[in-house]
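Structural characterization, general
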Amino acid sequence: MKWRIRDLLNPVVTRTLLYGANPFDLEYVLQKVDQIQVMSGKQIKVVWLGEWERKANHYLSYAQKSEERGNLISAREYYKMIAQCYYACYMINSDDIEQKREIYKKLEAAYRKTVSLRDTYVEYVEIPTVGGKIPAYLHFPDDGKAGPYPCVTTYSGLGSCKEELDLLSSTLIERGIAVLNVDMPGTGSALFDYGLQCVGDQLDAAFDAIAAYLESRADIDSDRMANYGLCMGGGYAFRASAKRAKTKCCVSLFPLFLNFADMDHIPIWMKRGKWAVFQSGEFDGYLDRMKSIEEGTIDCDFLLVHSPDDNWMTTESTMRLYDRAKGQKEQIEVDEKPAYVSEETIMHAMPVGEQFHWVKHYASDFLAERLNGK
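Residues numbered from 1 in each chain as written. Predicted model: local features only at pLDDT ≥ 70, side-chain atom pairs only at ≥ 80, totals over all residues. Heavy atoms only, no water.

1. Brief notes about the packing of helix α2 (residues 23–34) against helix α3 (residues 41–68)
Contact geometry of α2 with α3 gives a least axis separation of 9 Å together with a crossing angle of 145°. Seen from above, α2 lies across α3 with right-handed handedness. Contacts from D25, L26, Y28, V29, L30, K32 and V33 in α2 reach V47, W48, E51, W52, K55 and Y59 in α3. Residues of the contact of α2 with α3, tallied by class, amount to nine nonpolar, no polar and four charged. (Axes fitted to C-alpha atoms, helices over the stretch in contact; angles between N-to-C directions. Helix = DSSP H or I, 4+ residues; strand = E, 2+ residues; numbered from the N terminus. Left-handed = near helix turned anticlockwise from the far one by under 90°. Contact = heavy atoms within 4.5 Å. Nonpolar A, V, L, I, M, F, W, Y, C, P; charged D, E, K, R; others polar.)

This is the structure:
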């Protein structure tokens, strides 16, 4: 066989590790996948989902016991493990929309239990916008009573959710910054509960609504607000900063602009199929509907992190974004080769996921130095 079956899951594996899944749990599931005798996408899906579901149920029994006994630190961590299991399931592309919805709701429920048991204050909010609401979590670095706080809005890519953005917020909270993790149109609850799709007009409406909402809160310092995103969310962070002149700073990690990307390297599941259409509508004419997202320039401080091994966005394409930053700016080109590679195939997810463990600290310091007045 030219490829191992598990190689087909490389993009999913990087995202699963990115969200913090235990590597031994991951290897256990992959060994079950290795036992599949016939190259069958359906069978891979059945095994992957089934094994992660079993692990989630195992951790649930311990979460409930810990909670009953008042061992809330353990309960918090077990619920986090459950969320990581369902996140691994959610990353599998599937045209079974109801199954995707069910998996997401389990992920959402486990994550909500996790944040409810944290020492710091986390507020669930829904921001009204044209066509629906933007669900979000507003994380504070303490009990939420010492404001006004500097605040960073975080953005994820298509097919993701606000729960994934916990990986961006954690290092900022440690630095005394409030963080708003949002479900943009086409993701998470904005998609499943309110039917918001990832198209230019709904995204732009969301950027405006999020900025207005934060500016209306007395516990947020409107002069110290920033945007931060990875993958497609890196493009969102730039666009949100272009739309709000008062933005203090912006960070884009491995940004993806579909209008800039090499369409030959964008996988078919992002263009066709029920899941793609559910998130973004029909692909025909989609790039035209996303044209507004690439518009504008920014004057605030800007950090760009990119990789020449990202085969969705060439370095030349990424520099088009960098050239539109007119203030003080900095870039990091990651030259490490991705570890999870299937022959010549290097997905956008590999550079994003594999480098994030160290990039996130530099990015968080970049934001904190500017928002905390250093």
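2. Let's talk about the packing of aromatic side chains
All chains considered together, the criterion is met by 20 aromatic pairs. Centre to centre, the rings of F238 and F302 are 5.4 Å apart; their planes meet at 80°, and the pair counts as edge-to-face. Here the residue F238 occupies a position in helix α9 (residues 232–243), and F302 occupies one in strand β7 (residues 301–306), the gap between them amounting to 64 residues. By relative accessible area, which is 0% here, F238 ends up buried. A residue is classified by how much of its surface remains accessible, and F302, at 0% relative accessible area, is buried. One aromatic cluster in this structure is built from Y90, Y104, F192, W275 and F278. The ring centre of Y90 lies 4.3 Å from the NZ or CZ of K100, which sits over that ring. The ring of Y322 carries K329 above its face, with NZ or CZ at 4.5 Å from the centroid. (Phe/Tyr/Trp six-rings, centres within 6.5 Å; stacked < 30°, edge-to-face > 60°. Buried < 20%, exposed > 50% of the residue type's maximum accessible area, 1.4 Å probe, protein only. Lys NZ or Arg CZ within 6 Å of the ring centre and 35° of its normal.)

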